[in-house]
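So the chains spell out like this:
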Amino acid sequence: MQTDISPSGSLLTGFFSSNGIEPGLVLVTGPRGTGKTHWCMKLFSHATSLGYRIGGLISPSVFENGKKVGIHLVDLNTGERRPLAYHRGSGRGDLLTTDWQMDAETLEWGNSMLEKTTDCDLFILDELGPLEFNHGVGLVTGFEIIESRKDLPVFASVRPSLIPEARLRWYWAQVLDVSTEALS
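Per chain, residues are indexed from 1 in the order of the written sequence. It should be noted that, the model being predicted, local features are given only for residues of pLDDT at least 70 and side-chain atom pairs only at 80 or more, the latter also being counted only at that level, while totals for whole chains, interfaces and linings use all residues. Only heavy atoms go into the side-chain values, all of them from the structure, while hydrogens and water stay out.

(A) Here's a closer look at the side chain of Thr 106. With respect to the secondary-structure elements, Thr 106 resides in helix α2 (residues 104–115). Assessed through its relative accessible area of 5%, Thr 106 is described here as buried. When residues no more than four places from it in sequence are discounted, the contact partners of Thr 106 are Leu 73, Arg 82, Pro 83 and Leu 84. Secondary structure elements are defined from DSSP: runs of H or I of at least 4 residues count as helices, runs of E of at least 2 residues count as strands, and each element is numbered from the N terminus. With a 1.4 Å probe rolled over the protein chains alone, any residue whose accessible area is under 20% of its type maximum counts as buried; one over 50% counts as exposed, and the rest are partly exposed. Two residues form a contact once any of their heavy atoms are found within 4.5 Å.

(B) Highlighting the pattern of salt bridges. Any carboxyl oxygen of Asp or Glu that lies within 4 Å of a side-chain nitrogen of Lys or Arg is treated as forming a salt bridge with it. This structure, assessed with the given rule, holds seven salt bridges. The partner of Asp 99 in a salt bridge is Arg 32, with the nearest N and O atoms 2.8 Å apart. Remark: Arg 32 occurs in the loop between β1 (24–29) and α1 (36–49) and Asp 99 occurs in the loop between β6 (95–96) and β7 (100–102); sequence separation between them is 67 residues. A salt bridge links Asp 119 to Arg 53, with the nearest nitrogen and oxygen atoms 2.7 Å apart. In this pair, Asp 119 sits in the loop between α2 and β8 (122–128) while Arg 53 sits in the loop between α1 and β2 (54–58), placing the two residues 66 residues apart along the sequence. According to the relative accessible area criterion, Arg 53 is partly exposed, its value standing at 38%. Residues participating in the shared-partner salt-bridge network are Arg 53, Asp 119 and Asp 121.

(C) Just the pairing of strand β4 (residues 67–75), in detail. Two strands pair if DSSP finds at least two bridges between them. The pairing of β2 with β4 spans two bridges and is classified as antiparallel. Its bridge partner being in β4, Ile 58 is matched across the sheet by Val 74. Relative to β4, strand β3 (residues 61–64) runs antiparallel, the two sharing four bridges. The partner of Ser 61 across the bridge, within β4, is Ile 71. Two successive antiparallel strands, β3 and β4, enclose a turn made up of two residues, where Asn 65 displays a positive phi of approximately 55 degrees. In this antiparallel pair of consecutive strands, β4 and strand β5 (residues 81–87), the connection spans five residues, and Gly 79 shows a positive phi of 85 degrees.

Set out below in C-alpha cells:
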C-alpha cells in the first residue's frame, strides 16, 4: 500500500499507481460529519472511472430540508438502494442504537449482497460500527470478507472509538483519518 499520500484534493490518487491498487486493508475513520462516507463514495467514483470492478456497500445519509433524517444502504455492484436507518423514536426499524433504529431486513439484504461479492478488484464497506463490533449483528459478512480476502484492496469505514478494536482484529490494517488526511 502506498504511504506517500498526495496533497489535499488528491488524497484518493495516492492509493493508485500504474500497477493498480495494492492489496491491503485501509480503515477509513474520522469523527462524525468529517466525510467518511463521502470519501468512500469518491473512491468508488474514481476507481470506477479507471475501470475497476467494485464490490461492497456504502451507507449515505438521507437529508430532507438540510436535516439528516435517515441512512440508506447502497450495493456498489448493482446500485440498488434500500432504507437502512431512521431516527430513534420514528417508529420504524427493528434494531436500536443510540441515535438510530436500524432496519433488520435491510441489514439481511446487505449481508446477502456481500456474500455475492466474489468477483471484484476493490472492496469498500461503509460502515462497520457498534452493531458489528459490539453485538455481532449488522453487516457481519463484511468481517468475513476482510479476513478471507487479503488478496484485495479493501477500504472499510470505522468510527474512531472502534479503531483500537479494529486494529486488534486486523493487525495488518492501515488507518486513514479523513479529518486530517493522515495515514498510519
